[in-house]
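# Analysis of the macromolecular model
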Amino acid sequence: SLSAMKSLRAWTSKSKFVTFMCRRRFGQLLGLCCSKSRLRRLEDFVIDILDFVINKGMRVLGPVLATAATALISLVVYEYFQEVFPYFVNVKYKDSNPFMPYLITLVGIFLLVNVVFNHQSCVWTSPGYAPLSISLYPKGTQEIPEKYYKYDPELKSSAVIRYCNMCQCYKPWRAHHCSICKRCVLKMDHHCPWMWNCVGYANYRYFYMFLFYLWIGTFFYVSVGYETLFESFRVKSCAYPWLPFFMCRIARLKYKSVPTDAIDENGDVVHERIMVQSNELFVFTYFLCIGICVVMIAFLGFHTYLVLTNQSTLETMTNFSKKARNHRRFQRLRDFKYLYRLSLVQNIQEIFGEKWYLALLPIWTTPRGNGFIYPLKKQISDILFISKSEAEPHEIDSLVNQNQT
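The text that follows walks through the structure, step by step, so that each part is easy to find. Along each chain, residue indices are assigned from 1 in the same order as the chain's sequence is written. A pLDDT threshold of at least 70 governs which residues receive local features in this predicted model, and a stricter bar of 80 or more applies before side-chain atom pairs are shown or counted, although totals over entire chains, interfaces and linings include all residues. Water and hydrogen atoms were dropped before computing side-chain values, which therefore reflect all heavy atoms in the structure.

Together, Phe110, Val345, Trp356, Tyr357, Leu360, Leu361 and Ile363 make up an exposed nonpolar region whose accessible area comes to about 620 Å². Each helix is a run of DSSP H or I of at least 4 residues and each strand a run of E of at least 2, with the numbering of both proceeding from the N terminus. Among the secondary structure elements, Trp356 is positioned in the loop between α10 (344–352) and α11 (378–384). Assessed through its relative accessible area of 39%, Trp356 is described here as partly exposed. Nonpolar side chains (Val, Leu, Ile, Met, Phe, Trp, Tyr) are joined into patches within 5 Å and like charges within 9 Å, using only residues with over 30% relative accessible area and no salt bridge. Calculation of accessible area relied on Shrake-Rupley with a 1.4 Å probe; when residues are assessed, cover is drawn exclusively from the protein chains displayed. For salt bridges, the criterion is a side-chain nitrogen of Lys or Arg within 4 Å of an Asp or Glu carboxyl oxygen. Burial status follows relative accessibility: with a 1.4 Å probe on protein chains alone, a residue under 20% of its type maximum counts as buried, one over 50% as exposed, and anything between as partly exposed.

A side chain of one charge can pair with a side chain of the opposite charge if their charged atoms are brought near each other. Here the structure, examined in full by the defined rule, presents six salt bridges. As a salt-bridge pair, Lys92 and Glu227 come within 3.2 Å of each other at their nearest N and O atoms. Of the two residues, Lys92 is situated in helix α2 (residues 36–92) and Glu227 in helix α6 (residues 226–229); the sequence distance between them amounts to 135 residues. Judged by its relative accessible area of 32%, Lys92 falls in the partly exposed class. What makes Glu227 partly exposed here is its relative accessible area of 32%. Between Lys378 and Asp382 there is a salt bridge, and its shortest N-O distance comes to 2.8 Å. Within this pair, Lys378 and its partner Asp382 are both found in helix α11, separated by four residues, close to a single helical turn. Asp382 gets classed as buried once you look at its relative accessible area, which sits at 18%. Taken together, the shared-partner salt bridges in this structure form one network comprising Glu350, Glu354 and Arg368.

Right, here's the structure in full:
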């Protein structure tokens, strides 16, 4: 046994040595064919391919998804008038309140108009793009690049001004280049394939209200269609009694009992057993709306947070990263998480305009300002314009309120 142990140790040490030598030789061969510069070129090549595929894919998906969204909305409307409205008129409110189905439908039409209006407005409204030259700036704002772009709060430590090499133009405050649109978008939030458009300064209001009314609209459809659905289904079993029905096992009814005009010898209404006609499209739209309604809770909640704190989706990537904030040129701004946060009402007005409540109606409104520079709270403004007297009002206060024409 002693000799066996010695042989085992010798084999183990030899195998470790062989493994070490193989790794060393492999590393030398890899170093010969794949130097750091070659690996970097390979990495850039792979990134360029992925960027090309994603950009082309998003351009193709844009019109497809925007059309699909419109088709799904139309399908839900069709199923409402095919299934839910007749049930209200002929069964639920037939004897109690014949006007109630029409009142409920009017509410649904109001929600539908807002969903379609805000979706189409977001699709066809330009988010606003950075002008490609100073001469293309609207009248009254042509002095903004020279005076204020060097005070951009998001300037990096090594930058004097934000410049886009792709567009070959100066970047306004909060503007970012979209590789899909191939333009610098004012106050860019993200590129949305469902909108077939970038979401930014001029159309974010429509994007948010679309999410808002889509959530309410799907909740409305799920609520009013509940009894209609269970004309054809029943809950078969459920793990817990407090769970919602869509988390339980449901079974389709083959027959149901409906009252007739006849009365039996005991004075009771005679019921007739009829076969239940299934409508797969209604079931599909109903559970589709449940899924969208649940997803919208998280999605709408996130964008509500962005509105109330005056941020964009892209800005949160910097605001929540201390490492990213440390790259800001103005050192005293590195401790500020929210650069553009104002009062609650002002944050809302930045998106929906001075009369923010008009956004609840299907009408066109414009956000505040011109989209090139934005108002700041006094503490941040004093850091940026430290050469100015605190008692002297900054010229930026009047320029940010000029609407873009």
